[in-house]
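# Chains, contacts and geometry: an overview
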Amino acid sequence: MASLLIVKTGDAFPEVVDQHGDFETLFVNQLSSSLPAHLDLQVWDAQRYSEAPELESLAGIVITGSHSMVSHAEPWSEALKPWLQAALANDIPMLGVCYGHQLMAAAFGGVSDYHPAGRESGTRTVRLTQAGQQDPLFSQLPESFAAHLSHAQSVMQAPHGTTVLAHNSHDAHQALRYGPRQWSVQFHPEFNVPVMRAYIERQGAALRDQGEDPITLSAEVTDSPEATSLLQRFLTFV
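## Digging into the packing of helix α2 (residues 23-31) against helix α9 (residues 225-234)
How two helices sit against one another is set out by the angle between their axes and by the gap between those axes. Across the interface, α2 lies against α9 with an axial gap of 9 Å and an inter-helix angle of 75°. When the axes of α2 and α9 are compared, the pair comes out roughly perpendicular. Only T228, L231 and Q232 of α9 make contact with α2, whose side of the interface consists of F27, Q30 and L31. Tallied by class, residues from the contact of α2 with α9 come to 3 nonpolar, 3 polar and no charged.

Shown next as C-alpha cells:
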C-alpha cells in the first residue's frame, strides 16, 4: 500500500499536546476521514530519526510546523533540503505548512527569515492572487478566506520561478506553488479554534511586546473551513 508521509518537524506546546495532540496528530485528525482506500498515513519524526524514508515508497508528503527556525539551519533541517529537492524532481506531491512552507522555499532557492514586522498570530484574512484563483488546489476557495496563523519567520524571498498563490497585509507569500503538485502555505489548515486560542495564550507576552492584545486576538478566532479544506483537496493529487 502506498503511503502519505507526514514529516514531523517539531513538537507543539505541552499543553496543546495534552489537550489536542501533537502537530502530526492534528494532521491525522483532518486527513484520516478523507484518506483514499489505497493510501495509509505514516509519520516520520525528522528531528529524532535521521534516516529519511525512500521516496519510491511515498505517494505524497506533508511537512508540519515547528517551533524551530529555518534560518537557524539546524543539521536535521538542513539534511531535509536535498531530500525535498529530490522529491520535487520526482514530482511527488507535497504540501508544506508553516515551518514546512519556509523550509520548502529555502530548499528550492528562496530565503526564509524573521519577519521585520514581528509575529503574526490569530485568525487572519488571506487573499488569493490571480494565479491562486486559477490554481488546481486553491481554485475552489473564495478570493478571501480566514486562516489560522502563528509564525515569527516568513518566506522573505520566494524561489525563482515559484508562483505566489496567496498573500495578506502581513505576508507577501502566504501560499506558493513550486511544481505541478507541490505547494506550501504559511497558515495552519490543521489548526482548529481551541488550538489557535491555546497558541495565542502561550504567546501572550510576545504579542503584547509588539503592541497586540492577545485577549482581542483570541476573541477574534473563528473557524477556518476553507483553509482546512485544502488538506482534503490535496489528497486528490496524491
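## Some words on the sheet that holds strand β7 (residues 144-151)
An order of β2-β1-β3-β4-β11-β10-β9-β6-β7 is seen for the 9 strands of this open sheet, with the pairing classed as mixed. Edge positions in the sheet fall to β2 (39-45) and β7, since each has one partner strand and no second. Neighbour to neighbour, the strand axes of the sheet diverge by 25° on average, direction disregarded. Strand direction decides the pairing type here: strand β9 (residues 163-167) and strand β10 (residues 175-179), joined by 3 bridges, are antiparallel. Directly across from V164, in β10, lies its bridge partner L176. Contacts between α2 and the sheet are confined to β1 (2-8), β2, β3 (58-63) and β4 (94-97), with β1 contributing the most and set at about 145° to the helix. Of the strands in this sheet, β3, β4, β7, β10 and β11 (182-185) are in contact with helix α4 (residues 99-107), which crosses β4 at around 120°.

Reading guide: rules and limits
Residues numbered from 1 in each chain as written. Predicted model: local features only at pLDDT ≥ 70, side-chain atom pairs only at ≥ 80, totals over all residues. Heavy atoms only, no water. Axes fitted to C-alpha atoms, helices over the stretch in contact; angles between N-to-C directions. Helix = DSSP H or I, 4+ residues; strand = E, 2+ residues; numbered from the N terminus. Parallel < 35°, antiparallel > 145°, perpendicular 65-115°, else oblique. Contact = heavy atoms within 4.5 Å. Nonpolar A, V, L, I, M, F, W, Y, C, P; charged D, E, K, R; others polar. Pairing = 2+ DSSP bridges.

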